[in-house]
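Listed below, chain by chain, are the residues.
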Amino acid sequence: MHKLLSLYDRLTTILASHLPEGLVLLVTRVALAGIFWRSGRTKIEEGTALSVSDNAIFLFEYEYTGLPLPADIAAPMATYAEHLFPVLLVAGLFTRFSALILLSMTMVIQVFVYPEAWWSTHIAWAALAGILITNGGGMLSLDYQFAAARATDSGLQKGAG
């Protein structure tokens, strides 16, 4: 039994190190980004980079009627957010902020658009966002690289004075 516990402790130590954590956070970032990116792409006019389609505006006017914003404002806001924040997440740039925005969008969708979808869909989106909000992007993110560079710069500045 002692050998089994020792093996378990070694495995736990390895899995709790920065690289496995960074890989899991990368997968989490890509998973959450993919959900919103694909949704955003359905709102774009065919053959354009970011022109909101008439169909998207129609959906916001007639299907998503509970939203507290007019369709001509809500459709572009959602479309642009579903493109910007997934890109930031995949890069690991402003990870916590991007995940917070996507969590907010999830809650708006939950409350105003599909209130019956909590257990089937939205709880998973909220969990992914929550992981990123609390843990950040991990060592495989631009946030991590920029923080390391800032730490190095501030260390150099302290040593220079």
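All values reported here derive from a predicted model rather than from experimental measurement.

Asker: How would you summarise the overall build of the protein if you had to cite specific residues and measurements?
Answerer: Scanning the protein from terminus to terminus reveals seven helices and zero strands. Listing each helix as α and each strand as β along the protein from the N terminus yields α-α-α-α-α-α-α. Relative to the 2.2 N^0.38 estimate, which gives 15 Å for 161 residues, the radius of gyration of the protein is 20 Å and therefore markedly larger than a compact globule would have. Expressed as lengths along the three principal axes of its C-alpha atoms, the size of the protein is roughly 60 × 55 × 30 Å. Surface summary for the protein: the accessible area is close to 10000 Å², and the carbon and sulfur share equals 69%. If you average the places of the 9 positive and of the 12 negative side-chain charges in the protein, the two averages end up 19 Å apart.

Asker: How would you sum up the pattern of salt bridges? Please name residues and give values.
Answerer: For the coordinates displayed, the defined rule picks out one salt bridge. Linking Glu82 and Lys43 is a salt bridge whose minimum nitrogen-to-oxygen distance equals 2.9 Å. Taken together, the positions of Glu82 in helix H4 (residues 71-91) and Lys43 in the loop between helix H2 (18-41) and helix H3 (54-62) put the pair 39 residues apart, joining distant regions of the chain. The same class applies to Glu82 as to Lys43, namely buried.

Asker: Which residues make up the nonpolar core, and what values go with them?
Answerer: Among the nonpolar cores identified, the biggest contains 28 residues, and Leu32, Phe36, Phe60, Leu89 and Leu102 are the most heavily contacted of them. In terms of residues, this core owes the most to one element, H4, which gives eight residues.

Asker: How would you explain the layout of surface pockets if you had to name every residue and give the values?
Answerer: Of the volumes computed, that of the largest pocket is approximately 580 Å³. Lining the largest pocket are 27 residues, and of these Phe60, Ala78, Glu82, Met105 and Ile109 lie nearest its centre. Among the elements of the structure, H2, H3, H4 and helix H5 (95-113) are those that each provide at least two residues to the lining of the largest pocket. No other element matches the six residues that H5 contributes to the lining of the largest pocket. In the lining of the largest pocket, the residues fall into 21 nonpolar, three polar and three charged. Considering only enclosed or pocket space, the second largest pocket measures out at about 150 Å³ in volume. If you trace the second largest pocket, you find 13 residues lining it, with Asn135, Gly136, Gly137, Gly138 and Tyr144 closest to the centre. The set of elements that each furnish at least two residues to the lining of the second largest pocket consists of H2, H5 and helix H7 (142-160). Of the residues that constitute the lining of the second largest pocket, the class distribution is three nonpolar, seven polar and three charged.

What counts and how
Residues numbered from 1 in each chain as written. Predicted model: local features only at pLDDT ≥ 70, side-chain atom pairs only at ≥ 80, totals over all residues. Heavy atoms only, no water. Helix = DSSP H or I, 4+ residues; strand = E, 2+ residues; numbered from the N terminus. Rg over C-alpha atoms; globule rule 2.2 N^0.38 Å. Areas by Shrake-Rupley, 256 points an atom, 1.4 Å probe, with all protein chains shown as cover. Lys, Arg positive; Asp, Glu negative; His and termini not counted. Charge placed at Lys NZ, Arg CZ, Asp CG, Glu CD. Salt bridge = Lys/Arg side-chain N within 4 Å of Asp/Glu carboxyl O. Buried < 20%, exposed > 50% of the residue type's maximum accessible area, 1.4 Å probe, protein only. Core = buried A, V, L, I, M, F, W, Y, C linked by side-chain atoms within 4.5 Å. 1 Å grid on protein atoms, 1.4 Å probe; cavity = no way out; pocket = protein on both sides within 12 Å on 5 of 7 lines; lining within 4 Å. Points joined across faces, edges and corners; volume = space filled by probe spheres on them. Nonpolar A, V, L, I, M, F, W, Y, C, P; charged D, E, K, R; others polar.

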